[in-house]
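Understanding the architecture of this molecule
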Amino acid sequence: MASTTSARSAPPAIAAPTGPAGAGRLLARARAARPAPEPRPAHARPVLLAILVVAAVLFAWDIQHSAFHAFYSETARSMSESWWGFLFGSFDPGNSITIDKLPGFLWPQALSVRIFGFHPWALTLPQVIEGVLSVAILHRAVRRWAGENAALLAAGAFALTPAVAGLFRTEVEDPAFTLCVLLAAEAALRAAREARLRPLLAAGAWVGLGFQAKMLEAWAVLLALGLLYLLSAPATLRRRLAHLSAAGALCLAASASWVLLVTFTPAQDRPFVDGTTNNSAVSQVVGYNFVNRFSNLHVNAADTGSVAVSTMAGTAPAPPTGHTRPTAAQWVKMFAPSIVSQIGWLYPTAALATVCGLVWRRGRPRTDPLRAGFVLWGVWLVTYFLVFSAGAIGGHTYYLGVLAVPLAALFGAGTVQFWRGWLRGGRSRAWALPTAVVGTVAWSAAIAELFPDFLPWLAPAAVALAVAALALLARGRSAARSRVAVDGGPAAGSGATAGSGAAVDAGPVARTGGRTARRRTALVGLGAGLVAMLLPSAAWASSVLDPAYGHSGMGSTGPVVNRHRAVAHHPKPSGKSGHKGHQAADRAYDGTALSPAQRRLLDYARAHRDGAAFLFATTSWRTASPYILHAGAPVLPMGGFTGTAPTPTAAGFRHLVATGQLRYVVLGGPATDPGRAIGPWVRGHCTPVPEQAYRLYRCTPASAGAGPGARG
């Protein structure tokens with residue numbers, strides 16, 4: 001393993017020259033010292049191909065039975081039916097209101113639906129592709145940084161992370177976001193090696209595209225990318241800062257592109273921006289999708305133009321943001337069973353790799369690329385770990401995919417460094433490999449024991465493999481020591497005879513054979529250790545192949561899936577998860593065809609539409625959802641996702657009726673603010689339609705101008 005990575009991982013030291021021409025000389029020396037590209041080892045491509053195949057199977061297994069994702073699936077269908085709706089991310093085909101997030105993550109899904117038709121697998125397919133690409137890009141990034149074997153280990157660990165296996169089979173924001181930040185990291189690593197501006201600009205652009213999928217969360221990666229370039233690029237400080245400024249400007253421009261488009265499009269010519277009270281994309285990004293996530297900021301989202309509640313329409317509102325204090329439990333949530341079982345199996349190895357990578361490389365030149373990579377992934381890991389600890393996650397384990405990236409990269413590179421330390425035989429570093437094996441397996445066994453009824457053999461199997469690995473590693477090391485003593489005896493003797501001379505002549509052969517045997521024994525031990533460390537994570541990830549665990553809608557795997565489903569079927573009356581009432585019931589559900597009563601209502605509205613822009617209005621998106629999802633019907637929802645967005649206003653609603661754009665209204669369903677405001681007017685001015693299972697009212701243009709109590 002060491003032979004394939006040493007040249008790429010540890011290039012010759014480059015002293016940092018000073019003076020006016022320092023930057024040019026530093027860059028020239030960096031290029032001259034960079035080793036020629038080594039031929040890839042014979043095992044590299046087959047192993048990578050196998051990893052990509054495994055990833056594709058995990059991500060794509062049974063996607064034809066994927067569950068529709070409430071709110072997102074309807075939006076993807078609506079976006080696929082008009083380019084205007086596609087551009088703005090309209091929730092409904094009538095383009096009355098947007099989704100409550102930036103729509104970038106849904107653009108691939110809407111295009112897939114436009115090409116293949118509206119099917120569950122068509123909505124999931126883009127995430128599968130994004131997942132396979134993410135594995136490949138992570139491999140490429142780590143190979144450039146730490147060598148082929150580190151890259152293969154990182155790609156394998158990433159694909160076998162439970163949260164990743166669940167993420168890339170779920171139609172949510174994070175697959176596209178994870179791919180974008182991975183592309184940014186790969187570009188930043190290329191830029192930092194030779195102080196190149198073009199790939200650094202590409203990194204900024206990729207973060208900006210990630211912003212379109214996940215908004216301000218994408219900017220959290222900028223600290224890691226910026227430090228990588230600032231600390232290691234072979235250029236003067238002034239030039240490094242100039243490059244970073246240019247890349248930051250491009251990142252800002254790419255990030256703000258959709259927000260600016262909405263801001264400068266007249267409000268009457270576009271959908272209302274959901275999650276806001278002032279119809280502002282800035283409020284949606286900053287207030288609704290940032291402040292609402294961090295109650296410890298002590299800022300009320302309403303002050304930013306955002307809606308002040310945090311729950312789905314029809315559920316009890318969560319406490320207003322800005323009025324809760326962070327608790328100790330909040331800061332240890334990343335170790336909670338439902339989260340650590342999805343992402344935390346490799347915590348010990350990643351932490352040890354970061355510390356050793358930085359300590360063992362101390363004293364190296366500033367431009368040392370291996371140390372710079374440990375800075376990149378270590379800062380990335382710590383940043384998102386703290387972000388998720390401070391913010392609200394609830395049952396949304398698909399958020400954790402971005403954490404799997406540095407965990408896998410550090411596992412791959414760290415294992416290679418530990419292996420080298422073991423082979424060299426010095427006490428100062430040989431301890432790291434067995435420590436990583438013992439710590440990770442013990443930690444994994446503890447996690448597995450949190451779910452004793454799920455794969456009860458898992459912890460004992462991992463422990464047994466770890467014991468075997470340690471025994472093999474120890475045997476290889478002790479055999480090496482004994483060979484040193486035997487081989488050194490005759491050579492050190494002063495009175496060697498002819499017979500002893502023959503023994504001396506055979507020494508090099510014996511030593512070569514001994515080294516080979518030692519290496520083989522140690523390699524078997526290393527292999528057993530790797531299997532022991534990855535087995536629990538892989539077992540949980542492979543649970544997506546079981547129909548009982550295959551489609552959680554929340555990116556979860558293993559028994560956590562059933563826990564989320566239980567919450568979904570029996571939601572608690574209060575939404576205390578901290579954002580959007582994040583009981584697992586809020587977004588994922590099994591979509592079925594319209595009921596006979598819903599079909600009769602839809603057919604009646606279509607037959608009596610009379611040229612109206614909307615078939616009918618509902619007082620909640622949840623009531624409108626099945627008609628949009630299964631029929632692509634232009635139904636007008638009120639109140640947005642939370643039910644508190646002021647759209648349509650009472651005056652706006654009456655204008656729609658007066659101009660003939662709306663003729664029918666369905667009352668009932670989850671209570672919303674617009675519904676409470678408009679419902680009494682509808683009952684007093686519109687005519688009930690008989691023989692309908694739902695409370696359907698017919699409104700005419702005349703009724704919009706009639707006095708109280710009049711009916712059309």
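Residues numbered from 1 in each chain as written. Predicted model: local features only at pLDDT ≥ 70, side-chain atom pairs only at ≥ 80, totals over all residues. Heavy atoms only, no water.

Describing the overall build of the chain
Selection rule: Each helix is a run of DSSP H or I of at least 4 residues and each strand a run of E of at least 2, with the numbering of both proceeding from the N terminus. Three labels apply to residues, based on accessible area from a 1.4 Å probe with only protein chains included: buried if under 20% of the type maximum, exposed if over 50%, partly exposed otherwise in between. Two residues qualify as a contact provided that any one of their heavy atoms is within 4.5 Å of a heavy atom in the partner residue. The method behind every accessible area is Shrake-Rupley, applied with a 1.4 Å probe, and residues are considered shielded solely by the protein chains displayed.
Tallying secondary structure elements over the chain gives 29 helices and 4 strands in all. Burial analysis of the chain (712 residues in total) assigns 57% to the buried set. Restricting the contact set of the chain to residue pairs at least 6 apart, pairs at least 24 apart contribute 74%. When the accessible area of the chain is evaluated, it comes to approximately 27,300 Å², of which 65% is carbon and sulfur surface.

As for unusual backbone geometry
Trans is the prevailing form of peptide bonds, just as negative phi is the prevailing case for residues other than glycine. Note the cis peptide between Thr647 and Pro648, where omega equals -5°. Following the sequence through the fold, Pro648 ends up in the loop between helix H26 (621-631) and helix H27 (650-658). Within the chain, Phe71 stands out as a residue other than glycine whose phi angle is a positive 80°. If you trace the backbone, Phe71 turns up in the loop between helix H3 (44-60) and helix H4 (72-80). Classification of Phe71 as buried rests on a relative accessible area of 1%. Unlike most non-glycine residues, Asn279 shows phi in positive territory, near 60°. Tracing the backbone shows Asn279 in the loop between helix H13 (237-263) and helix H14 (281-288).

Thoughts on the nonpolar core
Quick note on the threshold: In these notes, a set of buried Ala, Val, Leu, Ile, Met, Phe, Trp, Tyr and Cys residues joined through side-chain atoms within 4.5 Å is what counts as a nonpolar core.
Leu138, Trp145, Trp377 and Trp380 are the most contacted members of the largest nonpolar core, which has 182 residues in total. Among the elements that line this core, the one with the most residues is helix H19 (residues 401-424), at 15 residues. By size, the runner-up hydrophobic cluster in this structure holds 17 residues, among which are Ala617, Met638, Val682 and Tyr697.

Observations regarding helix H10 (residues 174-194)
Keep this limit in mind: Expected span, for any helix, means 1.5 Å times one less than how many residues it has.
Compared with the 30 Å implied by 1.5 Å per residue over 21 residues, the 31 Å span of H10 between its first and last C-alpha is a close match. By the criterion of burial, H10 is predominantly enclosed, with 19 of the 21 residues buried. Positive backbone phi, approximately 55°, marks Ala195, located one or two places after H10.

What to know about H3
The test is simple: Throughout, the arc means that of the directions going from the helix axis to the C-beta atoms.
Here H3 is 17 residues long and its end C-alpha atoms lie 24 Å apart, about the 24 Å a rise of 1.5 Å per residue gives. Those residues of H3 that sit buried are Ala44, Leu48, Ile51, Leu52, Ala55, Leu58 and Phe59. Down the axis of H3, the smallest arc covering the buried residues is 125°, so these residues share one side. Phi turns positive, to about 60°, at Asp62, one or two residues after H3.

Points about the packing of helix H7 (residues 120-146) against H10
Heads up, the condition is: The angle between two axes is taken between their N-to-C directions and runs from 0 to 180 degrees, where each axis is a line fitted to C-alpha atoms and a helix contributes only its stretch in contact. Our angle categories are set so that under 35 degrees counts as roughly parallel, over 145 as roughly antiparallel, 65 to 115 as roughly perpendicular, and the remainder as oblique. In this scheme, a crossing is called left-handed if the near helix is turned counterclockwise away from the far one by less than a right angle; it is called right-handed if the turn is clockwise. Only Asp, Glu, Lys and Arg are considered charged, only Ala, Val, Leu, Ile, Met, Phe, Trp, Tyr, Cys and Pro nonpolar, and every remaining residue, Gly among them, polar.
One can describe the packing of H7 onto H10 by two numbers: an axis separation of 9 Å at closest approach and a directional angle of 20°. The pairing of H7 with H10 is recorded here as roughly parallel in orientation. Handedness of the crossing formed by H7 with H10: left-handed. Contact with H7, carried on its side by Gln127, Glu130, Leu133, Ser134, Ile137, Leu138, Arg140, Ala141, Arg144 and Trp145, involves Pro175, Ala176, Thr178, Leu179, Leu182, Leu183, Glu186, Leu189, Arg190 and Arg193 of H10 and no other residues of that element. Across the contact of H7 with H10, the residue classes break down as 11 nonpolar, 3 polar and 6 charged.

Observations regarding the pairing of strand E2 (residues 664-667)
As a reminder of what qualifies: The rule for pairing is simple: two strands pair if DSSP sees at least two bridges between them.
Residues Tyr664 and Val666 line one face of E2 and the alternating positions Val665 and Leu667 line the opposite face, and both faces are buried. Judged from the 2 bridges that link them, strand E1 (residues 617-618) and E2 form a sheet pairing that is parallel. Bridge pairing in E2 places Ala617 opposite Val665. Pairing geometry for E2 and strand E4 (residues 695-698), over 4 bridges, is antiparallel.

Points about the confidence of the model for the chain
In plain terms, the rule: The quantity called pLDDT is the predictor's confidence in a given residue, expressed from 0 to 100.
Averaged over the chain, the pLDDT score is 84; the fraction of residues at 70 or greater is 81%. Confidence over residues 481-510 falls short of pLDDT 50; this stretch has 6 contacts with residues more than four positions distant or in other chains. Low pLDDT, under 50, characterises residues 566-590; the stretch is placed with 78 contacts to residues that sit more than four places away or in other chains.

Thoughts on a nonpolar patch on the surface
Our working rule: A patch consists of residues whose relative accessible area exceeds 30% and which take part in no salt bridge; residues with like charges are grouped when within 9 Å of each other, and nonpolar side chains (Val, Leu, Ile, Met, Phe, Trp, Tyr) when within 5 Å. Basic side-chain nitrogens of Lys or Arg form a salt bridge, by our definition, when they fall within 4 Å of a carboxyl oxygen of Asp or Glu.
A cluster of nonpolar side chains, namely Leu49, Val53, Val57, Trp61 and Leu545, defines an oily patch on the protein surface of about 440 Å² accessible area. Looking at Val53, the relative accessible area reads 45%, which means it is partly exposed.

What about the pairing of E4?
Two elements, strand E3 (residues 687-688) and E4, share 2 bridges in a ladder whose sense is antiparallel. Considered in E4, the bridge of Pro688 is made with Tyr697.

Some words on the environment of Trp621
Selection rule: As used in this structure description, the phrase polar contact means that two N or O atoms lie within 3.5 Å; if the pair is within protein, one of them must be able to donate a hydrogen and the other to accept it, and residues adjacent in sequence are counted only when both atoms belong to side chains.
Its location among the elements puts Trp621 in helix H26. Measuring from C-alpha to C-alpha, the distance between Trp621 and Phe91 comes to 8.9 Å, with 530 residues separating the pair along the chain. At 3.1 Å, the side chain of Trp621 forms a polar contact with the backbone oxygen of Phe641.

Quick word on the side chain of Asp274
Assignment of secondary structure puts Asp274 in the loop between H13 and H14. At a separation of 2.9 Å, a polar atom in the side chain of Asp274 contacts the main-chain amide nitrogen of Phe641. Setting aside its immediate chain neighbours within four residues, Asp274 contacts Phe71, Ile97, Thr98, Ile99, Asp100, Gln284, Gly639, Gly640, Phe641 and Ala645.

Some points on the packing of aromatic side chains
Quick note on the threshold: To pair, rings of Phe, Tyr and Trp, with the six-membered ring standing in for Trp, must have centres within 6.5 Å; the planes then decide the type, stacked if under 30 degrees apart, edge-to-face if over 60, and tilted in the middle. Think of it as a cone above the ring: NZ of Lys or CZ of Arg counts as a charge over the ring if it is within 6 Å of the ring centre and within 35 degrees of the ring normal.
In this structure the tally under the stated criterion is 33 aromatic pairs. For the ring pair Tyr72 and Phe105, a centre distance of 5.2 Å and an interplane angle of 70° mean the geometry is edge-to-face. With Tyr72 in helix H4 and Phe105 in the loop between helix H5 (83-88) and helix H6 (107-116), this residue pair connects regions lying 33 residues apart in the sequence. On the basis of relative accessibility, which here comes to 1%, the residue Phe105 falls in the buried class. Between Trp380 and Tyr384, the ring centres sit 6.4 Å apart and the planes meet at 45°, which makes this aromatic pair tilted. Taken as a pair, Trp380 and Tyr384 lie in helix H18 (residues 369-390) at a separation of 4 residues, close to a single helical turn. The class for Trp380 is buried, based on a relative accessible area of 1%. The rings of Trp145, Phe374, Trp377, Trp380, Tyr384 and Phe388 are connected pair by pair, giving a single aromatic cluster. Here Lys214 stacks its cationic end above the ring of Tyr399, 3.9 Å away from the centre of that ring.

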